[in-house]
Amino acid sequence: MTDDKPAAAVRRLFEALREPALLVEGEVVSVSNSAARRLLGDGIEGEDVRAAIPHPAAVERLIARGAAADEAELVGLGDSPRRWLMRVTPLDDGTLFVRFIDRSEAHAAEQMRVNFVANASHELRTPLATLVGYSETLREQADALDGATRDRFTAIVHDEARRMQQLVEDLISLSRIEAERFSRPRETLALAPLVDQAGAACRSAADERGCALIVEAAADLPPVTGDRSELLQLLDNLISNAIRYGRPSTPIRIGLRRERDMVRLTVADQGEGIAPEHIERVTERFYRVDASRSRAIGGTGLGLSIVKHIVGRHRGRLSIESEVGAGTVVHVYLPVAPRRLS
């Protein structure tokens, strides 16, 4: 590129690219944009590719100089921990146009999918193994079992089947909510009646643990824009969690109040609380602070993940505060429904 005008035009074009990009002539970097210099260092122009791009897979591809476009996955490029796709396009004059495409988020999403399938399989395997074991015993040794033992085995089979049913229902719910996450709900809903409905559904579980459900709703609370079934599911998950993890004979407080252009829903328990290092992760699928305790009291590990996705679809905000030994408070902020013009 000896002509100044074409060289200046190429440089402007390169600087307009958001992704790191290079031109390689022979085995030397001739042009780079600012994104490439941030990734690989300020002094890469005029450098041999072996020094400018210190990555064996990248260097091998650039030195080989095939006639067709090619690409390579790179990890640990420069000082960046991110994953990059290096895409190499040979030009007519023999130079190579090299772009680095950040694949970190795509890789993380794929890893989440793989982990999700693995975790779901693991969660289903445990009750399935129990079901198979006890049902085989009931089938093969029915005559040798006394009535009390048969009843106990039958109850275990029933409980494990219900656990599997709940897990499958939660998986279906999560999949549906994720599929609809870009479609904003359109119903105009009053939250207080939904809280009463969800509270009534959880009343027997609360009574079993001696937990009073105390609802404190501000007067003249504005409606929100939402999906009725999803908001009921959100309320059921939050109230059920509070009952499940709160200490017996302690109240569950449910609050509703307006804060600027949002309605804040608060569900507070007086349980063991969550240590600070777990707060960031409790909304992840299948993440449990205490896996053995969660399974023992019936949790699927998906409740707060479902809550997070429902809040996201409603363009709201989720906040969790907790103190070990004192309890947990979950805040959900939902946008106030716009006024209708008469």
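Each remark here, short or long, concerns the structure printed above.
Here's a quick rundown of the structure. Treat the numbers as computed from the prediction; the structure is a model and nothing was measured.

So, how was this worked out
Residues numbered from 1 in each chain as written. Predicted model: local features only at pLDDT ≥ 70, side-chain atom pairs only at ≥ 80, totals over all residues. Heavy atoms only, no water. Buried < 20%, exposed > 50% of the residue type's maximum accessible area, 1.4 Å probe, protein only. Helix = DSSP H or I, 4+ residues; strand = E, 2+ residues; numbered from the N terminus. Pairing = 2+ DSSP bridges. Arc of directions from axis to C-beta. Axes fitted to C-alpha atoms, helices over the stretch in contact; angles between N-to-C directions. Parallel < 35°, antiparallel > 145°, perpendicular 65-115°, else oblique. Left-handed = near helix turned anticlockwise from the far one by under 90°. Contact = heavy atoms within 4.5 Å. Phe/Tyr/Trp six-rings, centres within 6.5 Å; stacked < 30°, edge-to-face > 60°. Lys NZ or Arg CZ within 6 Å of the ring centre and 35° of its normal.

### Overview of the pairing of strand β1 (residues 21-25)
Consideration 1: The buried count for β1 comes to 4 of 5 residues, which makes it a mostly enclosed element.
Consideration 2: Sheet analysis places β1 next to strand β5 (residues 96-102), joined by 4 bridges and oriented antiparallel. Bridge pairing in β5 places L23 opposite F97.
Consideration 3: Examined bridge by bridge, β1 and strand β2 (residues 28-32) share 4 bridges and lie antiparallel to one another. Within the sheet, the bridge partner assigned to E25 lies in β2 and is V28.
Consideration 4: Between β1 and β2, which pair antiparallel and follow one another directly, the connecting turn spans 2 residues, one of which, G26, has a positive phi of 65 degrees.

### A look at helix α7 (residues 191-201)
For an α-helix, the turn length of 3.6 residues means that residues three or four places apart are oriented alike.
Consideration 1: Listed as buried for α7 are L191, L194, V195, A198 and G199. Buried positions in α7, seen along its axis, are confined to an arc of 135 degrees and lie on one side of it.

### Some points on the packing of helix α6 (residues 147-179) against helix α12 (residues 303-313)
Packed helix pairs are characterised by how far apart their axes lie and by the angle those axes make with each other.
Consideration 1: As a packed pair, α6 and α12 sit with axes 10 Å apart at the nearest point and diverge in direction by 20 degrees. With respect to their mutual orientation, α6 and α12 come out roughly parallel. Regarding α6 and α12, the two cross each other, and that crossing is left-handed. Within the contact between the two elements, α6 uses D170, S173, L174, I177 and E178 and α12 uses S305, I306, H309 and I310.

### Section: the environment of G303
Consideration 1: Along the polypeptide, G303 turns up in helix α12.
Consideration 2: Each C-alpha atom, one on G303 and one on N241, is 8.0 Å from the other, the two residues being 62 residues apart in sequence.

### Details of the packing of aromatic side chains
Consideration 1: Tallying each qualifying case throughout the model produces 2 aromatic pairs.
Consideration 2: With a centroid separation of 5.6 Å and an interplanar angle of 65 degrees, the aromatic rings of F14 and F97 are classed as edge-to-face. Here the residue F14 occupies a position in helix α1 (residues 4-16), and F97 occupies one in strand β5, the gap between them amounting to 83 residues.
Consideration 3: Aromatic pair Y134 and F153: ring centres 4.8 Å apart, planes at 80 degrees, arrangement edge-to-face. One end of the pair, Y134, is in helix α5 (residues 104-140); the other, F153, is in helix α6, with 19 residues separating them in the sequence.
Consideration 4: Taking relative accessible area as the criterion, F153 reaches 11% and is therefore assigned buried.
Consideration 5: Between the NZ or CZ atom of R317 and the centre of the ring of Y333, over which it lies, the distance is 4.1 Å.

### Concerning the environment of K308
Consideration 1: In this structure, K308 sits in helix α12.
Consideration 2: Separated by 10 residues in sequence, K308 and L318 have C-alpha atoms that sit 6.7 Å apart.
Consideration 3: For K308, the contacting residues outside a window of four places in its chain are T283 and L318.

### Describing the sheet that holds β2
Consideration 1: Reading across from one edge, β2-β1-β5-β4-β3 is the order of the 5 strands in this open sheet, with antiparallel pairing throughout. The two strands at the open ends of the sheet, each matched to only one other strand, are β2 and β3 (70-75). This sheet shows a mean twist of 25 degrees between the axes of neighbouring strands, independent of strand direction.
Consideration 2: The pairing of β3 with strand β4 (residues 83-90) spans 6 bridges and is antiparallel. The residue of β4 that forms the bridge with E73 is L85.
Consideration 3: Packing of helix α4 (residues 56-64) onto the sheet brings it into contact with β3, β4 and β5, and relative to β4 it is tilted by some 5 degrees.

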